[in-house]
Structures are given as C-alpha cells and as structure tokens.
Amino acid sequence: MGKLNMTRRAFTKLAAVTAAAAAVVAPAGAALAESSSATQSKAGETKRVRSCCRGCGKMECGVWVIVENGRAIRTEGDESAFHSMGNHCGKGQASLQAAYHPDRLYHPMKRTNARGEDDPGWVRISWDEAMSTIAEKLQETMDRYGGESIFGMSGTSRIWGMFAYGALGQLVGSPNMCIPWQVCKGPRFFATALNSMMQASWMETVGRPKVYTSWGTGPELSNYDDACRTVVDVAEKADTHIVVDPRMTNLGKEADIWLNLRPGTDGAMAMGWLNVLINNDLYDDLFAKKWTDAPFLVCNDVEPSGYEVYRFTSGKCQIKTRLLKESDLKEDGDPHKFMVWDNLNNRMTYFDADSGLWEGETWSKPTAGHEGMQEHLVPGVSQGWVPDPTPFDPAIDPALYGEFEVELKDGRKSKVKPVWEYFTARVAEYTPEKVSEITGVPAESIERAAKIHATRIDPSTGYGNGGVQYQLAIEHSCNAIAMCRAMDTYIGLSGNWDVPAGHRGGTQGEFIFKAGLGAVAPGIPNISAEEFNKTLGIEDYPLLGWWQGWADDASVWKAIETGDPYPVKAGWCSTGDFMCMSNSLQKWKAFPQPGLLRVRGPVEDADRRHGGHSASRAALA
C-alpha cells in the first residue's frame, strides 16, 4: 500500500465516523443515557429508560436505566426481554462505575517525560493536535518501514474498538492486527471453518436441550449467545445437566454430573466422548457417510495434490492431500472428485467437492420433515422445521471400514483405506481409562456423561439431545483449535448439527455495513494477498495465510523486541489491555520500543506508562 494520503482534517473526519458509530460523545460526568432527548429529566424527576446491558460485552440483557436529575443512578432488569427475563447480574449493575469513574479520561493526553520514567508527565492536548500527530507519525512510519511495521490491537468492544484491528490495517496496509479473536471465539471459528461450517460452534440454547452441557464457561453469570437467566432455566428443566469445568461454577452446584478435569485437558476429554460415542454405536451412521469425509479413501502411495481454493480475504492457496482423487487414477481426472468405495454396488464412486454432490446426484430442496419437538420453550421462540434425513439417491453405501486395491494412473497398485479407519484408530487410543489419567476425572464419570449425552432420549425427534455449550476457557490452551475440531466432530456425529437446541451456526446473509470505520473501512480495498503473506507468525503457523484473520500476538511482540523478521515501529491499541494476551512480561520489556503507541481507553492505568498518546474513549469510542 502506498502513502496514507490523508490530511489531518481527513484523518480527523474518519475517526469521527467511528465515534458516530458509538453514538455518544459525552462531557465529563455526563450519563450515557443522557444522549437521547427522551431521557432528559427535570430537577427532582426520575425517569426509567429502556436499554440493554454491555457489562459482559455480548449478552446484552434487557435493562431499565434509572435516571435522576440527568444522571443514571442504577440499572434494573427488564422482564420484557425474553432472553434475560428480568435477570441483571452484579457485573451489569456495577457497569455504572465505569461510566462515572473519577479516573475516566475525556480528552487526549500526551506524555512529556521520557518512556520508562515513573511519572509519564501526561498533559492534556487538543483533538486537532492529537489527530494531526497520529496521522503524521503513521505516515512517517509507513514511508520509512512500510505499512507492515504498524500493528493494531483492541479488546472486544465491537464497533467502537474494531478500528484498531480492522479498518486500520486497510488504511495503512498492514496484516499485523492483534485481535481478541485469537483467544475469544476465533479458535472455534477457525476450527469449524476447517471442519464443517464457520461458526458452527454457536449453540441454540433457547431451544431447551434435553441434556444441557456447559463446557468451560459460566454462562449463568456473564457471557453471550443465550446466557444468564436463559441457561439457568435451561439447566433446571433439562433431563440431565452436565458441567465440564475444573472449577465448581455457580450453576454447577445444581448439576447432575460434574467432570472437574485438569485445566487444558479438554481435548483429551472430547476424544474420550468420541470414543464412547463410537464404541457404543451411538453415532449417526448416515451422517458420517453422507456429510463427512469419513468414507473418503486415503492413499499413502501418492504425493499430496489438489486444487486452488480462495483464502478468506485475499488471494488463493493450494489444497494438497493424499485423499484419493479421480486425478490420481487417470490423467484427465478431476482433482475435486474424492473417491469412495460403494459396498452396495461393489465399485468405486465419488463425491464432487466442486458441486457438493455425489456421483449421479441431483440436488432438490427437502420437503419431508416435521416441526421441532422441544419442551419448555418460552414465548417468542419457534420450534422450527426439521427435515427428515435424506438418503443417498442414487442408492449407494459408502464404506467406512475395509482395505481396497486401486490402480494409480502410473500403473502402480496401491492399498487404500477410508478416513474413518484412521479416525477411529486414533479415537480408540482415548479410552475412558486413558482420558482419566490425563484429566484426573474418574473413567466411570467420563463414560456415564458421554453416554447420557449421546443416547437419544426421544429417538422419534430424529435428532440428538442438544449441543455442547463450549466457550472461552478451552481457547486459552495451546491445543485450542484441535480441541474445537474434536468437539465439532462429536457434535455432528451425535446428531446435534443444525437441529433444535443444537449447533445452528451464524445467520447467513448479505448485510450492508454502514457503521463507519470499524471492522472494515467501507469503500477502501482490503490489503493484498502479498501483504497478508507478511503476517507475523505465518512461518510458525502456516494456516494463518489461509485464515487471514489475525497476526499471532506473541510473534508481533517478538518482532517489536527483536526486529525479526522486520521492524515493528508503531501501534494502536483500543478498548483493551495489551498485557492480557500472550506473554505479559515480554510485552512490558518490548513496549518502549515502538516509535509511537496510541492507546485508547476510558481509564488511566499502569500499562499506559510507556504510551505516547492517550485519547479518551468517551470522545473517540
């Protein structure tokens, strides 16, 4: 990317658009609720303003804000909000402390003393000076070191924080955005994008699962995607309530089964559940054969080959695999056609990854099905419609087990096996006894929990007992993506994908984003594939080049500290504490090195001692 080509006024205007997205620029001491004329109250008058809570960042429980003399004095739960049903937790009620905290910043601040000194010497400056200095320093850094020498990072505050890891990269031409996604939902999205469908980790808790499983989370207190009061009622009315967590959560005290595994051993536990599922023939056989790569044949006698696929944002990458393809069997074969042995017709057939259809199949919209059969739904939640399982047409029976001989296009003979053979062999290693050794949970408890979850209470529904509400804790260990892939596989094989109370994924559709500079900068092209290839951490984690979702946080700070593979000289941090992700000691040592760090947050803190500029959240949020 070339010059920023942005005047001070233009830069200020762009930043102001971000501020507009938050819809509030309040003077010191002003209540958030004051921004609406409907909330104005006369002296001595008390008003109740309907709003939603952002205390935990995601759930957005319905609340009433009580405003007295123009100042919010407390918040209360709104019983008309069906997802929270009047619940308003302690964190939400305490959020007013942030709004009126005496150390909250409302103006840009500039340090006057050298970095590292105990007293930064912060002085207030004008918005014009702050914005012009930031624009000049960013352009200077780009001209001297290239756009990739600028990094961005932010906490999870949505539109008013996303600029630091979204639009900033587009504006300066940098792939080095340190995103909370890396430790918050990102591993789940990454894993499900590899496995099945991106965001298939989202569970429809409001669908009231018959077996409610909470894994690595305390949603009764603080979270998102159906949390708080909803899960309390769900857990109470479920036939069985299972908690998988090293600690005893508040709601866990009411659980029927508590698997208190050692921290970071969730992957082994997930493999143990898969072991119980398969060894007890509780998995969905048709699903495994038709909707997974389980029957695809593995050929160890060919070099990995394949075809190009699009990366998530820019460019393409080459898919290479030893799965047997038509192109391995004949010279003009199609690499998209993955070979399968058909037990019914005693011949080879294929699945076409390009069309998404089996050989001879013609897609038609399913019409046979029934309404969901969930109990205890609250008003406003629909049962939904569940299509009946669709058999193979034309009829085939893809082999999951066995060894078959094929002739490759060069005339060599080769023995091939289905993916399922390799998968089940790996899963067989994780017996309940082995998982018990790793996790510290008794083998009998592991087997009991997995059987209860996987054994359908009412087979007539045509689907499983409910998904698994797995969340952030599992994403803070080193094997997070692998664990999420194991969990995603278990959920699919147990009949809990895209069904009531199962894993529905994110809503798909085309949405026009008009909220200003946030996750994206409308009208500005994204960075190129070549620029994405400079992402810090890509050498150690090659799939970052396909994902294009974030730069590895630890790798960014290593580059700041060492200048390898190239110098990182400037950064922008919004709505979060940069010390919270990866190695905080490394960051504290590396922090003084960038030429500029622009920190944005509502309250002065110790981490800002090294910063160059600080702007208040109230004005730029």
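Basis of the calculations
Residues numbered from 1 in each chain as written. Predicted model: local features only at pLDDT ≥ 70, side-chain atom pairs only at ≥ 80, totals over all residues. Heavy atoms only, no water. Helix = DSSP H or I, 4+ residues; strand = E, 2+ residues; numbered from the N terminus. Contact = heavy atoms within 4.5 Å. Buried < 20%, exposed > 50% of the residue type's maximum accessible area, 1.4 Å probe, protein only. Pairing = 2+ DSSP bridges. Axes fitted to C-alpha atoms, helices over the stretch in contact; angles between N-to-C directions. Phe/Tyr/Trp six-rings, centres within 6.5 Å; stacked < 30°, edge-to-face > 60°. Lys NZ or Arg CZ within 6 Å of the ring centre and 35° of its normal. Expected span 1.5 Å × (residues − 1). Salt bridge = Lys/Arg side-chain N within 4 Å of Asp/Glu carboxyl O. Left-handed = near helix turned anticlockwise from the far one by under 90°. Nonpolar A, V, L, I, M, F, W, Y, C, P; charged D, E, K, R; others polar. Core = buried A, V, L, I, M, F, W, Y, C linked by side-chain atoms within 4.5 Å. pLDDT = per-residue confidence, 0-100.

Assigned secondary structure in the protein chain consists of 20 helices and 24 strands. A separation threshold of at least 6 residues defines the contact pool for the protein chain, and within that pool the share at least 24 residues apart is 64%.

The next subject is helix H7 (residues 186-195). Among the 10 residues in H7, 7 count as buried, and that is most of the element. Taken together, the buried positions of H7 are occupied by Gly186, Pro187, Arg188, Phe189, Phe190, Ala191 and Thr192.

The next thing to look at is the sheet that holds strand S3 (residues 71-77). Here 3 strands make up an open sheet; going across it, the order is S1-S2-S3 and the pairing antiparallel. Where the open sheet ends on each side, the last strands, each with one partner, are strand S1 (46-52) and S3. Sheet twist, expressed as the mean angle between neighbouring strand axes with direction ignored, is 30°. In this structure, S1 lies alongside strand S2 (residues 62-68), joined through 7 bridges in antiparallel fashion. Within S2, the position partnered with arginine 48 by the bridge is isoleucine 66.

This brings us to the packing of aromatic side chains. Summed over all chains, the structure comprises 23 aromatic pairs. When the centroid spacing of 5.5 Å and the interplanar angle of 70° are considered together, the rings of phenylalanine 190 and tryptophan 546 count as edge-to-face. Here tryptophan 546 lies in helix H17 (residues 544-547) and phenylalanine 190 lies in helix H7, a separation of 356 residues in the sequence. In this structure phenylalanine 190 comes out as buried when scored by relative accessible area, which is 4%. Among the aromatic residues, those joined into a cluster by ring pairs are Trp181, Phe189, Phe190, Trp202, Phe312, Trp546, Trp547 and Trp550. Its guanidinium or amino end placed over the ring of tryptophan 64, arginine 48 lies 4.3 Å from that ring's centre, counting from NZ or CZ. Over the aromatic face of phenylalanine 392 sits the side chain of lysine 290, whose NZ or CZ is 5.8 Å from the ring centroid.

Attention shifts here to helix H9 (residues 266-279). Think of an α-helix as 3.6 residues a turn; residues three or four steps apart then line up on the same face. The end-to-end C-alpha distance of H9 is 20 Å, a good match for the 20 Å that 14 residues give at a rise of 1.5 Å each. Burial runs high along H9: 13 of the 14 residues are buried. Positive backbone phi, at 50°, marks aspartate 281, one or two positions downstream of H9.

So, about the environment of valine 568. Along the chain, valine 568 turns up in the loop between helix H18 (553-562) and strand S22 (570-574). The sequence separation of valine 568 and tyrosine 145 amounts to 423 residues, and the corresponding C-alpha distance is 8.2 Å.

This next bit is on the pattern of salt bridges. Evaluated as defined, the whole model comprises 22 salt bridges. With a shortest N-O distance of 3.1 Å, lysine 413 and glutamate 407 are connected by a salt bridge. Between lysine 587 and aspartate 553 there is a salt bridge, with the nearest N and O atoms lying 2.8 Å from each other. Residue lysine 587 is found in helix H19 (residues 584-590), and its partner aspartate 553 is found in helix H18; the two are separated by 34 residues along the sequence. Classification of aspartate 553 as buried rests on a relative accessible area of 1%. In this structure, a network of salt bridges that share partners links the residues Arg48, Arg74 and Glu76.

Look at H9 against helix H12 (residues 419-428): their axes get within 9 Å of each other, and the N-to-C directions meet at 115°. Every pair of crossing elements has a handedness; the one defined by H9 and H12 is left-handed. Here Met271, Leu274, Asn275 and Ile278 of H9 come into contact with H12, specifically with Trp420, Phe423, Thr424, Arg426, Val427 and Ala428. Its residues assigned to classes, the contact of H9 with H12 comprises 7 nonpolar, 2 polar and 1 charged.

A few words on the pairing of S2. Extensive coverage of S2 is indicated by the burial of 6 of its 7 residues. Alignment of S2 against S3, held across 6 bridges, turns out to be antiparallel. Bridging from a neighbouring strand, glutamate 68 pairs with arginine 71 of S3. Where S2 hands over to S3, the hairpin turn is made up of 2 residues, of which asparagine 69 adopts a positive phi near 55°.

Residue proline 394 is reached from aspartate 393 by a cis peptide bond, and omega for that bond is 5°. Topologically, proline 394 is positioned in the loop between strand S18 (385-387) and strand S19 (404-407). With an omega of 10°, the peptide bond running from aspartate 564 to proline 565 counts as cis. The topology assignment puts proline 565 in the loop between H18 and S22. Notably, glutamine 199 is not glycine yet its phi reads approximately 80°, a positive angle. When you line up the elements, glutamine 199 lands in the loop between H7 and strand S8 (211-215). Backbone geometry at asparagine 346 places phi at a positive 55°, although glycine is not the residue there. Note that asparagine 346 resides in the loop between strand S14 (337-342) and strand S15 (347-352).

Attention shifts here to the environment of tyrosine 310. Within the fold, tyrosine 310 resides in strand S12 (residues 305-310). Judged by its relative accessible area of 62%, tyrosine 310 is exposed. If we ignore the near neighbours within four places in the chain, the residues touching tyrosine 310 are Gly315, Lys316 and Trp546.

Moving on: the sheet that holds strand S11 (residues 297-298). Read from one edge of the open sheet, 3 strands run S11-S20-S19, paired in antiparallel fashion. This sheet does not close on itself; its edge strands, each paired only once, are S11 and S19. For S19 and strand S20 (residues 413-418), the ladder comprises 4 bridges, and the chain directions are antiparallel. Across the sheet, the residue bridging to phenylalanine 404 is valine 416, located in S20.

Right, let's get into the nonpolar core. Counting residues in hydrophobic clusters, the biggest one holds 41 residues, and the most contacted among them are Trp215, Met269 and Trp273. Listed by contribution, the elements that provide at least two residues to this core are S8, strand S9 (240-244), strand S10 (257-259), H9, helix H10 (285-291), H12, helix H14 (443-454) and helix H15 (480-493). At 9 residues, H9 tops the list of elements feeding residues into this core. Beyond its immediate sequence surroundings of up to four residues, tryptophan 273 is in contact with Thr213, Trp215, Ile242, Val244, Leu259, Ile446, Ala449, Ala450, His453 and Tyr490. In this structure, Phe151, Cys178, Leu536 and Ala551 belong to the second largest nonpolar core, which totals 16 residues.

Of all residues in the protein chain, 84% attain a pLDDT of 70 or more, and the chain-wide mean is 85. Confidence drops under pLDDT 50 across residues 15-39; counting only partners more than four residues distant or on other chains, this segment forms 47 contacts. Segment residues 602-621: pLDDT under 50, and 101 contacts once partners within four positions in sequence are set aside and those in other chains are kept.

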